[in-house]
Amino acid sequence: NETLFPYPLNYNQVDWSLHYPKKFGKDPLKLYLNTLEYPIAYDDQVKPEYSESIVDFLDIGCGFGGLCFALSENYPDKYTFGMEIRGKVVNFVGEKIRALRDEGQAHNVSVIRTNTMRHLPQYFRKNSLEKIFICFPDPHFKKKNFRRRIVNPGLLSEYAYLLKPSGRIYCITDVEELHNWHVQHLEKHKMFKRVQDVEQDSAAKLIWNSTEEGQKVERNKGSKFIIVCEKV
Ligand code: SAM
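What you are looking at is a predicted structure, and each value in this text was computed from that prediction instead of being measured.

Novice: So what exactly am I meant to see when it comes to the packing of aromatic side chains here?
Specialist: Geometrically, a pair of aromatic rings is defined through the distance of the ring centres and the angle of the planes. Counted under the stated rule, the structure contains 12 aromatic pairs. A centroid spacing of 6.1 Å and a plane angle of 85° characterise the contact between Phe57 and Phe133, whose relative ring orientation is edge-to-face. With Phe57 in strand β1 (residues 57–60) and Phe133 in strand β4 (residues 129–135), this residue pair connects regions lying 76 residues apart in the sequence. Here Phe133 falls in the buried class, since its relative accessible area comes to 0%.

Novice: Hey, could you run me through helix α7 (residues 202–209) in this one?
Specialist: Three or four residues apart is the spacing at which side chains of an α-helix point the same way, because the helix has 3.6 residues per turn. Along α7, the residues classified as buried are Ala203, Ala204, Leu206 and Ile207. Buried residues along α7 cover an arc of 155° about the axis, so they all sit on one side. Buried residues along α7 sit against α2 (66–74), β4, β5 (163–173) and β7 (225–231). Between a side-chain oxygen at the N-terminus of α7 and the backbone nitrogen of Ala203 the separation is 2.9 Å; the capping residue is Asp201.

Novice: I tried to follow the site of the ligand on my own but got confused; where do I start?
Specialist: Taken together, 17 residues lie around the ligand, and Gly61, Glu84, Arg86, Asn115 and Thr211 are the ones closest in. Within the side chain of Arg86, one N or O atom sits 2.8 Å away from an oxygen atom of the ligand. Contacts to the ligand include Asn115, whose side-chain N or O atom sits 2.7 Å from a nitrogen atom. Within the complex, 87% of the 600 Å² of free accessible area of the ligand lies under protein. Elements represented by at least two residues in the shell around the ligand include exactly α4 (116–119) and α8 (212–219).

Novice: Where do I start with the pairing of β4 in this structure?
Specialist: Residues in a regular strand project their side chains so that they alternate between the two faces of the sheet. Of all 7 residues making up β4, 6 are buried, and the element is well covered by its neighbours. The pairing of β1 with β4 spans 4 bridges and is parallel. Looking across to β4, one finds that Asp59 is bridged to Phe133. Two elements, β4 and β5, share 6 bridges in a ladder whose sense is parallel. Across the sheet, Ile134 pairs through a bridge with Cys171, a residue of β5. One crossover worth recording links β4 to the parallel β5 by way of helix α5 (residues 153–162), and it is right-handed.

Novice: Help me out: how do you make sense of the sheet that holds strand β6 (residues 192–194) in this one?
Specialist: Sheet strands line up and pair through hydrogen bonds in the backbone, either parallel or antiparallel. Overall, mixed pairing links the 7 strands, which are arranged β3-β2-β1-β4-β5-β7-β6 in an open sheet. Either end of the sheet is taken by a strand with one partner, and the two such strands are β3 (109–113) and β6. In this sheet, neighbouring strand axes are inclined to one another by 20° on average, regardless of whether the strands run parallel or antiparallel. Packing against the sheet, helix α6 (residues 176–188) makes contact with β5, β6 and β7, and its axis sits at approximately 15° to β7. Packing against the sheet, α7 makes contact with β4, β5 and β7, and its axis sits at approximately 25° to β5.

Reading guide: rules and limits
Residues numbered from 1 in each chain as written. Predicted model: local features only at pLDDT ≥ 70, side-chain atom pairs only at ≥ 80, totals over all residues. Heavy atoms only, no water. Phe/Tyr/Trp six-rings, centres within 6.5 Å; stacked < 30°, edge-to-face > 60°. Helix = DSSP H or I, 4+ residues; strand = E, 2+ residues; numbered from the N terminus. Buried < 20%, exposed > 50% of the residue type's maximum accessible area, 1.4 Å probe, protein only. Arc of directions from axis to C-beta. Contact = heavy atoms within 4.5 Å. Polar contact = N/O pair within 3.5 Å; in protein donor to acceptor, adjacent residues only side chain to side chain. Near = heavy atom within 4 Å. Areas by Shrake-Rupley, 256 points an atom, 1.4 Å probe, with all protein chains shown as cover. Pairing = 2+ DSSP bridges. Right-handed = clockwise from strand over helix to strand, strands pointing away. Axes fitted to C-alpha atoms, helices over the stretch in contact; angles between N-to-C directions.

If you want it as structure tokens, here you go:
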């Protein structure tokens, strides 16, 4: 069933060695994951070896993974995780990771199919993520659908909970109205402070053009709006 996918009951059940086999001394070419051919499964065993957090960068709604691969390349010491709800798109990213690993790359990047609006705290613990990226999210223009926006007051509290102190959240969009929504809710949120010198932030530079959606906007000569905030 396309609408059903497994998820861990809590973050202790995530076997990160399946996502980043090389980090854990496993053969990275044996454990191919997150493709339709090799789907992931969770058991209810606690994984004690993961008492510390593994993922540094989270890309919410990663789509075809352009940013994930750019982060993997630009930050070789960081572990990037893409989350995406569409099965076929996740399969594409999983297959690309597999192909790159065959060439000795992409050991620090992985992807999972999930609904981030429901399952984030089942993957990550409090104060664990260094950066969260939300790039070109679906705008949901109608007022009755605003609650489906991936930035909203409740979810911002969740993102703040999962970010490390001084961790950063990045939101970029080509829809000015949605950007204003991002600004309004982030500036109002007690746990976030807007970063003014965005030009100094190398990750902010990356999100400008490395996602597939960002490249499309670029080709169409559209505008892009960005806000970066730090957890206080
Ligand atoms: N970030 C990518 C980019 O910039 O190219 C993709 C942008 S696309 C417009 C928005 C993506 O978010 C889609 O791939 C969509 O499937 C995904 N998405 C929407 N709601 C989601 C959710 N609740 N959980 C995970 N992914 C979601």
